[in-house]
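# Commentary on secondary and tertiary structure
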Amino acid sequence: MTFEILAIDAVVNIWTAEALANRPARKSFYVDKMRVGQGTFEGVSLEEMIARMDAAGIERSFLIAAKVGVKHHPACYQVPYAMVADAVQKYPSRFSGLAGVDPTEGMAGVRELERAVREYGFIGAHTYPHWFEIAPDHAKYYPFYAKCVELDIPIQLQVGQSMVYDATYPRRSVGRPISLDSVACDFPELKLVGIHVGIPWTDEMIAVAWKHANVYIGCDAHRPTYWPESFVRYINSFGQDKVLFGTDFPVLPFEQTRADIDALGLKPQILRKLLRDNAARIYRF
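Read on for a plain summary of the structure. (Residues numbered from 1 in each chain as written. Predicted model: local features only at pLDDT ≥ 70, side-chain atom pairs only at ≥ 80, totals over all residues. Heavy atoms only, no water.)

### Details of the nonpolar core
The biggest cluster of nonpolar side chains holds 103 residues, and the ones touching the most others in it are M49, L113, F122, Y145, L192 and F231. The element that contributes the greatest number of residues to this core is helix α13 (residues 268-282), accounting for seven residues. (Core = buried A, V, L, I, M, F, W, Y, C linked by side-chain atoms within 4.5 Å. Buried < 20%, exposed > 50% of the residue type's maximum accessible area, 1.4 Å probe, protein only. Helix = DSSP H or I, 4+ residues; strand = E, 2+ residues; numbered from the N terminus.)

Set out below in structure tokens:
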């Protein structure tokens, strides 16, 4: 299948054998629940990822050096910044890095975030509030938000319902989209990207993005075929400048997701904004 627009995927997990070696496997989540193919689940090299991106018309992916819960807990893991930095250095025209945030790390984490941007060239921050059971408007995040403003980088936050990723460590859904409202009021310059669509509170996510100039929505992790109708209408109308394409690979495969979006029948100029232009503008490409 040929895609006319070369897309930017704003939410992608590094999935190499090296990245998977020091994290829980979670086959029951990825394969059984999310329907990730067995071959993909076992690992995808950077070269294979690029081949899949090419097949889907994706020019660049943002790789997350994710901090998935606190250090040293057996259900949690943290991807080293250096691992993502090495991937970016190897393929600088295809990958960019996002620095994971652990709100429990305090100023040590803030300084690590700054090093990731200034030394590794990372273009944004990323966090999973539910893994820490700390809502986005908690004070523990505020030093990180202030540093993002200072560095002029966006921060992605998973909003909406969290899943049970590990049956031994279920996490509460603390990422209601409305929690971004307080953050945006306190940091109006901060570019906030609520990823994962905000489901099941998508209309709440739309309302917050409509209210605040610097609040955006990432459309990753939920197959476009099943997006709420209100979200598709939002993209195709007054939200056309506010939504960024993403897959949360391997949760969604690149090529199928592109095909699903093409099937939505979006206006051509809006499709380009969704797939490419919004991310290029927000991340200053």
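That shown, we press on.
### Describing α13
With 15 residues, α13 extends 20 Å from end C-alpha to end C-alpha; this agrees with the ideal 21 Å at 1.5 Å per step. At L274, α13 is bent by approximately 55°, the largest bend along its length. Taken together, the buried positions of α13 are occupied by I270, L271, L274, L275, N278, A279, A280 and I282. The elements touched by buried residues of α13 are β1 (7-13), β9 (215-218), α11 (229-235), β10 (243-244) and α12 (254-262). At the C-terminal side of α13, R284 shows a positive phi close to 60°. (Expected span 1.5 Å × (residues − 1). Bend = angle between axes of the 7 residues up to and from the residue. Contact = heavy atoms within 4.5 Å.)

### Remarks on the environment of F41
Inspection of the secondary structure puts F41 in helix α3 (residues 38-41). With a relative accessible area of 12%, F41 lands in the buried category. Linking F41 and V251, residues 210 residues apart in sequence, is a C-alpha distance of 9.5 Å. If near-sequence neighbours (up to four positions away) are discounted, F41 is found in contact with W15, L20, A25, R26, K27, Y30, V31 and V36.

### Considerations on the layout of surface pockets
In this structure, the largest pocket encloses a volume near 690 Å³. Around the largest pocket sit 33 residues that line it, and F29, M34, A221, D248 and V251 are the ones nearest its centre. If you list the elements that add at least two residues to the lining of the largest pocket, you get α2 (27-33) and α7 (129-132). The class makeup of the residues in the lining of the largest pocket is 18 nonpolar, nine polar and six charged. (1 Å grid on protein atoms, 1.4 Å probe; cavity = no way out; pocket = protein on both sides within 12 Å on 5 of 7 lines; lining within 4 Å. Points joined across faces, edges and corners; volume = space filled by probe spheres on them. Nonpolar A, V, L, I, M, F, W, Y, C, P; charged D, E, K, R; others polar.)

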